[in-house]
Amino acid sequence: MSSLSTLIPSNLSLNEFSSFSEFEKAVLAKDKTESLLSTLELGLRSANLSQAFSLGYRCALQRLCPELNQKEWAAFCVTEESGAHPKKLKTTVSAKGVLNGTKSFVSMADRAKQLLIIAVEGYAEDRPILKAVQVELSVIGLDLTVLPSMGMLPGVAHGKLVLNEVQGSILKGDGYLDFNKKFRSIEDAHLLMAFTSLILSKVVRCKLNDSLIDDCMVIITSLLNLEFDDKPFNVLQLSGLYKSFEFIQAKFEANLLAISLDFKDEWLRDSKVFRLAESIREAKRALASSKILK
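Residues numbered from 1 in each chain as written. Predicted model: local features only at pLDDT ≥ 70, side-chain atom pairs only at ≥ 80, totals over all residues. Heavy atoms only, no water.

As for the pattern of salt bridges
No. 1: One pass over the full model with this rule turns up 12 salt bridges.
No. 2: The partner of Glu16 in a salt bridge is Lys202, with the nearest N and O atoms 2.9 Å apart. Of this pair, Glu16 sits in the loop between helix 1 (4-12) and helix 2 (20-29) while Lys202 sits in helix 5 (residues 175-205), and the two are 186 residues apart along the sequence.
No. 3: On the accessibility criterion, Glu16 (23% relative accessible area) is partly exposed.
No. 4: Asp110 is paired through a salt bridge with Arg111; the nearest N and O atoms lie 4.0 Å apart.
No. 5: Taking the relative accessible area as the measure of exposure, Asp110 reaches 41% and is therefore partly exposed.
No. 6: When salt bridges that share partners are traced, they join Glu24, Asp110 and Arg111 into one network. (Salt bridge = Lys/Arg side-chain N within 4 Å of Asp/Glu carboxyl O. Helix = DSSP H or I, 4+ residues; strand = E, 2+ residues; numbered from the N terminus. Buried < 20%, exposed > 50% of the residue type's maximum accessible area, 1.4 Å probe, protein only.)

Set out below in structure tokens:
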């Protein structure tokens, strides 16, 4: 692994991605085994929050499921009309991997070629037994429809997935503990890396407030040493990094006009994405704190 003192300048010496197609080509060609480093490297060349989100999301999925084809986009499918809590899920999977049901919110719906689907295999008393199932988009019985825009991140489409006797491959492990629950922290960390890398890139390229470089480097180095589990101090570390990011965001937004009016408008529209999982992160932080202070 290259040192940050080499990796960051070498990537900042390259131009930003001029289009989503150029960005997409780089992301799919990149070896994402070291997922946070890959997010950092390509995040330093991202031009906007749509690219940063897509990058962080894809690299997070590779960290969660190394079996994914690195040369294709992927999507994680959990949420249904009734919610994402295990007891709310109705999509089922048979012992042979046959899926039936509907997922109401699928990110990267216009680009994903491989899906990780959380489904109910059965019940132990009242507790659902969840499995993660890998499915190729091309299989018979699968319908993924792109939904209207959410009013932010125009480069990231969301969709509705309908599964009718769809054949998939059941992955080893518990669908909740090893995939659904685990992905929350992995996704949060990779998105934070992507967003922070984008800010660092803009600060350096546009010669903005130099104290932001220090602030970004603290988050970047901390993320590279983060452990992905639910041990209380690790949860609080990630929570603290998000609090630090709020401070960076405010300082960065005071300098948006120095970049361009178009970028300012896009940023203010798309930065709503930072608040999407805020309540979940806060609940995890409160639970972790209570375990430490009990």
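Things to note about the layout of surface pockets
No. 1: Quantified by volume, the largest pocket comes out at close to 750 Å³.
No. 2: At 7 residues, helix 5 tops the list of elements feeding residues into the lining of the largest pocket.
No. 3: Partitioning the lining of the largest pocket into residue classes produces 18 nonpolar, 4 polar and 4 charged. (1 Å grid on protein atoms, 1.4 Å probe; cavity = no way out; pocket = protein on both sides within 12 Å on 5 of 7 lines; lining within 4 Å. Points joined across faces, edges and corners; volume = space filled by probe spheres on them. Nonpolar A, V, L, I, M, F, W, Y, C, P; charged D, E, K, R; others polar.)

Some details on the environment of Tyr123
No. 1: Looking at the secondary structure, you find Tyr123 in strand 4 (residues 114-124).
No. 2: Among residues more than four places away in sequence, those in contact with Tyr123 are Leu89, Pro128 and Ile129. (Contact = heavy atoms within 4.5 Å.)

Remarks on the environment of Pro9
No. 1: When you line up the elements, Pro9 lands in helix 1.
No. 2: Owing to a relative accessible area of 43%, Pro9 belongs among the partly exposed residues under this scheme.

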